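Here is how the chains run, residue by residue.
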Amino acid sequence: MEVIILFSVFLILLTVGMPIAFALGLASLSYLLLEGISLTIVPQRMYAGIDTFVLLCIPGFVLAGNLMNVGNITEHIVRFANALLGHIRGGLGLANVAGSMIFGGISGTAVADSASIGSVMIPGMARSGYDKPFAAAVTAASSTVGPIIPPSVPMIIAGSLSGISVGRMFLAGAIPGLLMGLAMMVTVYILAVRRGYPKEKRVPFLQLLREAKTAFWALLMTVIILYGIIGGFFTPTEASIVACLYALVVGMYVYKGLSWKKLPAILSDTVLTSSALLLMVGLANLFGWILTSEQIPQMIAALILSISDNPLIVLLILNLILLFVGAFMETIAALIILFPALVGVATGVGVDPVHFAVIAVLNLMIGLTTPPVGVCLFVVAGIGKLPMLTVARAIVPFLLCNLAVLLLVTYVPAISLWLPNLLMGE
């Protein structure tokens, strides 16, 4: 009975628009009061949820992303992508996707990507003759590549929950992320040709070289992060701090968009964002502890395996569960609540845990662009001043292409595992 009340309170609070962290906390509180469990368990479980060294990556990569935005690094990424692809039909849409792939490989968060790239590209594409809903849909869909291409905040969370190597997960996401980006580029091009979207004049070769030279410092950050982790020079947490220092130096002395006066506002924004994320992690851990004490994960596992123990069928069921949850729940909360149970089911039928981690994150990223609670949809709808439903309709072609990539990644494990096995051994 108490479990039913737990889920009922949680769903009601979500329905009335309560932030996900508070919905998790209040639902957990209702359960504890009904069960007569001491409320001292609340700070204990919250602290246990965030007392993980690898979670220090989160404020590090959030700060790196903020430094990039203010330091004009994002602008140079977009300019380079436009110079490279703008002359193709629908070139600004292609540049939008390419910019997200590059930016996402540094910030590791989809919402930061959709907000930063969207603020530049949505108005720019609208002025150039693109439908604004299309521009918003491209921005939201392409932002989901960010947490697949390393670094990735959701993969950091998954690693902290399961003990899976974050470095291996970062590498495992690289090829699926590139596939997602390429699939969305093909979708953009097909829609651009059908709808007669414009193309820019071809940029002279020397100007392209200048833009490439300018963007080089932004592109180098991803190389430094990955090479440092793979080479064993620093951990993912240390990599996030290196990324911050690099973004600070490049933004201040190369692109000169940063100044010492801007740092307090950047640090304040980083603290607010990181605190919100870590509060959610702590409260989701409390919620997850309640589910574990009620043996809900074991019940889910038994239910799935009672349907079939065929890995192909089990993976299909897991995908459907994650897609459904991702459409209603924020990524971090969904991972904390579901990932430990579902990774046990997956590994129980012979699926590699790193492979499943990529599948789980990919599913939940697709959820960020799926109504009714697709966070990235709300972000781009706000930037474009568009109704949510209009953006939701425009994003359907991109959802379909991302689902195709999801199926490919799910049933061809080598797409995820080839690179980490090659560089870090099996």
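Going by the structure above, here's the rest.
All values reported here derive from a predicted model rather than from experimental measurement.

Draft legend 1. How the structure looks around the packing of aromatic side chains. One pass over the full model with this rule turns up 8 aromatic pairs. Between F7 and F287, the ring centres sit 6.0 Å apart and the planes meet at 85°, which makes this aromatic pair edge-to-face. Linking F7 in helix α1 (residues 2-15) with F287 in helix α13 (residues 263-293), this pair joins segments that are 280 residues apart in sequence. Judged by its relative accessible area of 32%, F7 is partly exposed.

Draft legend 2. Up close: helix α4 (residues 57-70). Helix length check: α4, at 14 residues, gives a terminal C-alpha distance of 20 Å against a target of 20 Å (1.5 Å per residue), a fit within 8%. Buried residues dominate α4, accounting for 11 of its 14 residues. Among all positions of α4, only C57, I58, G60, F61, V62, L63, A64, G65, N66, L67 and M68 are buried. Just past α4, the residue N72 takes up positive phi, approximately 70°.

Draft legend 3. A look at the packing of α13 against helix α16 (residues 331-348). Interhelical geometry of α13 versus α16 gives an angle of 30° and a closest axis separation of 8 Å. One element, α13, and the other, α16, form an angle in the roughly parallel class. Taken as a pair, α13 and α16 cross one another with a handedness that is right-handed. In this structure, α13 contributes L277, M280, V281, A284, N285, F287 and L291 to the contact, and α16 contributes I332, A333, I336 and I337.

What counts as what
Residues numbered from 1 in each chain as written. Predicted model: local features only at pLDDT ≥ 70, side-chain atom pairs only at ≥ 80, totals over all residues. Heavy atoms only, no water. Phe/Tyr/Trp six-rings, centres within 6.5 Å; stacked < 30°, edge-to-face > 60°. Helix = DSSP H or I, 4+ residues; strand = E, 2+ residues; numbered from the N terminus. Buried < 20%, exposed > 50% of the residue type's maximum accessible area, 1.4 Å probe, protein only. Expected span 1.5 Å × (residues − 1). Axes fitted to C-alpha atoms, helices over the stretch in contact; angles between N-to-C directions. Parallel < 35°, antiparallel > 145°, perpendicular 65-115°, else oblique. Left-handed = near helix turned anticlockwise from the far one by under 90°. Contact = heavy atoms within 4.5 Å.

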